Amino acid sequence: MNTAKTIDLLIGVSAEDGLRSTLQTDAMRQLVGAVSEVVFVVDRGLRILMANRGIGERTARQLEGVLVTDFFPPSLHARALSTLHRVLANGQVDGYVAEIEGNDGQSRHFDVRVSPIRAEQKIVALAVVTSETTEQVRAERAIATQARMIESMLEGVAVINEHGVIEITNPAFDTLFNYGRGELIGRNMSMLAGWPFEQPERWQPLSAKQGRSIQVEFDGRRADDTHFAALGVLSRFEIAGSNHSLLVLQDVSERKQLERAILQAVSREQYRIGNDLHDGLGQELTGIALMLRGLAGRLTTEYPTILPEIEGITRLVNNSIESTRALARGLSPVNLERGGLSDALEGLAMHATELYGVHVTCTHRVKTIRPLSTELANHLYRIAQEAVRNAVRHGQARSIRLHLHGARAKVRLTVTDDGLGMPSDAVDAPGLGLKIMRYRARILGGEVRFERGAPDGAAGDVRPGTRIVCECPLEPAADAAKTRRPRRRAS
């Protein structure tokens with residue numbers, strides 16, 4: 001509402017000396033009283049002719065005749081007087097913003113607008129309209145502070161819409177993917193990362209659980225087609241009724257390389273100890289057993305009374321040999337020189353059948369362009385081992401099927417059981433088994449999916465079961481990036 005213009009219309013062509021009586025009418029007081037802002041009508045001497053509400057302990061009537069500047073802090077006197085006199089001189093609407101410290105020590109913000117009131121083409125008074133903007137200013141400052149914080153963050157931050165299109169990025173996000181400032185806005189996240197953004201149905205359902213964040217880890221693609229390991233948090237929120245996601249990322253390539261180096265060192269040491277046990281201690285124990293067998297043959301005729309003791313010692317040595325071999329197999333389950341991963345998984349199936357009393361089968365069909373590496377084979381074996389153990393202990397499975405499939409540059413391991421099925425919150429449970437499986441897959445540049453073996457609500461007493469699928473490239477993404485030939489990026 002333009003208060004000064006409204007007063008102009010009500011005054012009409014009244015003489016200057018009739019202004020006061022016009023302002024005192026009930027219609028004028030009701031009109032100005034309905035305005036939410038604080039309104040003063042002051043004469044050319046800057047004394048209050050009318051106020052729409054009281055200030056402090058003074059009522060609106062008691063304010064009449066008082067200098068309007070009496071209600072301004074001394075620090076604002078010069079600015080207020082300058083504005084009031086300028087409007088009287090040029091007849092143009094003017095104003096200023098003021099910041100005043102309140103009784104509680106907090107700053108309060110006001111927007112003061114001064115408009116001329118005319119009668120018979122003359123400026124006879126001024127309308128001083130004061131609006132408090134404290135909440136607006138605080139909100140604007142908070143937004144500006146948050147924007148500066150995001151701009152200065154070392155982590156990459158981006159806002160993407162429900163279609164995966166990037167709407168906002170900070171400088172760190174652009175640098176992370178080796179793009180210029182703002183070049184990524186309007187592009188789809190799937191061009192920077194495959195999983196999970198190339199399949200929206202995997203991350204969009206999070207919108208049904210607003211306020212919850214999920215951790216994402218994927219292989220990021222830079223503008224020059226090099227790759228890096230990206231780790232971040234994806235949070236869903238709503239803007240103007242549309243679902244959006246806040247993505248906070250960091251480059252963890254160096255950490256992943258260190259983790260991989262540590263795991264490789266551990267695997268090499270386990271392999272060495274396993275071989276030493278098998279080829280060293282195991283062979284020595286075998287030699288002792290043979291010597292005891294020969295000695296038993298001689299004692300049969302010379303000292304028959306101690307023969308049972310010798311046979312007991314021989315049995316203990318044979319048991320030690322079996323224990324040593326089992327320990328060696330546990331430390332180094334996959335030997336690429338003796339059958340590789342396929343034979344190791346068949347051995348796992350046979351051992352699980354004997355140990356748990358369940359029916360475990362293993363099938364494989366591997367036709368890859370290059371042989372499986374030791375690291376890949378060992379991690380896949382450990383994932384299969386954990387999956388079988390969980391199927392028996394938690395799923396109460398009666399039959400389990402292992403299947404290894406390899407084609408071209410990928411390998412897929414599937415473990416299917418007929419157990420009770422995996423609870424929906426099992427992945428987020430405190431246990432480490434599933435987390436370690438996912439970690440091993442990520443080390444290989446792949447992923448693990450946990451699925452129900454049968455649809456929900458299967459008829460009869462059919463148990464849903466669980467299907468665990470691990471898909472990995474034959475070489476980790478970080479290694480592949482070193483040998484991948486750059487390709488021209490589409491403009």
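These numbers were taken from a predicted model, which means no experiment stands behind them.

Overall, antiparallel pairing links the five strands, which are arranged E2-E1-E5-E4-E3 in an open sheet. Here the strands that pair on one side only, and so sit at the sheet edges, are strand E2 (48-51) and strand E3 (94-101). Going from strand to strand, the sheet's axes swing by 25 degrees on average, the running direction of each strand aside. Here eight bridges tie E3 to strand E4 (residues 107-119), and the two strands are oriented antiparallel to one another. Residue pairing across strands places Ala98 opposite Phe110, the latter belonging to E4. Across the sheet, helix H6 (residues 134-152) touches E3, E4 and strand E5 (122-132), and the angle it forms with E4 is around 125 degrees.

Where helix H11 (residues 374-393) contacts helix H12 (residues 433-443), the two axes come as close as 10 Å, and the packing angle between them is 160 degrees. For the element pair H11 / H12, the angle class is roughly antiparallel. Between H11 and H12 lies a crossing whose hand is left-handed. Here Glu375, His379, Arg382, Ile383, Glu386, Ala387 and Asn390 of H11 lie close against H12, whose contacting residues are Gly433, Leu434, Met437, Arg440, Ala441 and Ile443. A breakdown of the residues in the contact of H11 with H12 according to their chemical character gives six nonpolar, three polar and four charged.

Among the structural elements, Arg44 can be located in the loop between strand E1 (38-43) and E2. For Arg44, a relative accessible area of 42% puts it in the partly exposed group. Along the chain, Arg44 and Leu84 lie 40 residues apart, while their C-alpha atoms are 9.2 Å from each other. Separated by 2.7 Å, the side chain of Arg44 and the backbone oxygen of Ile123 make a polar contact.

The sheet contact formed by strand E6 (residues 156-161) and strand E7 (residues 166-169) spans three bridges and is antiparallel. If you follow Ala158 over to E7, its bridge partner there is Thr169. Counting the residues between successive antiparallel strands, the hairpin from E6 to E7 contains four residues, one of them, Gly164, with a positive phi of roughly 85 degrees.

Pairing of strand E12 (residues 399-408) with strand E13 (residues 410-417) involves eight bridges; the strand directions are antiparallel. Opposite Gly406, over in E13, you have Val411 as the bridge partner. Of the pairings in the sheet, the one linking E13 to strand E15 (residues 466-473) comprises eight bridges and is antiparallel in character. By the bridge assignment for E15, Thr414 is matched with Val469.

Let's shift gears to helix H10 (residues 340-356). Given a rise of 1.5 Å per residue, 17 residues ought to cover 24 Å, and the 24 Å separating the end C-alpha atoms of H10 matches this to within 8%. Among all positions in H10, only Gly340, Leu341, Ser342, Ala344, Leu345, Leu348, Ala349 and Ala352 are buried. Close packing links the buried residues of H10 with strand E11 (359-368), H11, E12 and E13. In the stretch just after H10, Gly357 is the one whose phi turns positive, near 75 degrees.

Moving on: the sheet that holds E11. What the five strands build is an open sheet, ordered E11-E12-E13-E15-E14; its pairing is mixed. The open sheet terminates on both sides in strands that have one partner only, identified here as E11 and strand E14 (447-452). For this sheet the average axis-to-axis angle between neighbouring strands, irrespective of direction, equals 10 degrees. Of the strands in this sheet, E14 and E15 touch H12, which is tilted by about 135 degrees from E14.

Okay, the environment of Leu380 next. Here Leu380 lies in helix H11. When the C-alpha atoms of Leu380 and Cys472 are compared, they prove to be 9.2 Å apart, with 92 residues separating the residues in sequence. Ignoring anything within four residues of it in the chain, the contact list for Leu380 reads Leu341, Leu404, Val411, Leu413, Cys470 and Cys472.

Procedures and definitions
Residues numbered from 1 in each chain as written. Predicted model: local features only at pLDDT ≥ 70, side-chain atom pairs only at ≥ 80, totals over all residues. Heavy atoms only, no water. Pairing = 2+ DSSP bridges. Helix = DSSP H or I, 4+ residues; strand = E, 2+ residues; numbered from the N terminus. Axes fitted to C-alpha atoms, helices over the stretch in contact; angles between N-to-C directions. Contact = heavy atoms within 4.5 Å. Parallel < 35°, antiparallel > 145°, perpendicular 65-115°, else oblique. Left-handed = near helix turned anticlockwise from the far one by under 90°. Nonpolar A, V, L, I, M, F, W, Y, C, P; charged D, E, K, R; others polar. Buried < 20%, exposed > 50% of the residue type's maximum accessible area, 1.4 Å probe, protein only. Polar contact = N/O pair within 3.5 Å; in protein donor to acceptor, adjacent residues only side chain to side chain. Expected span 1.5 Å × (residues − 1).

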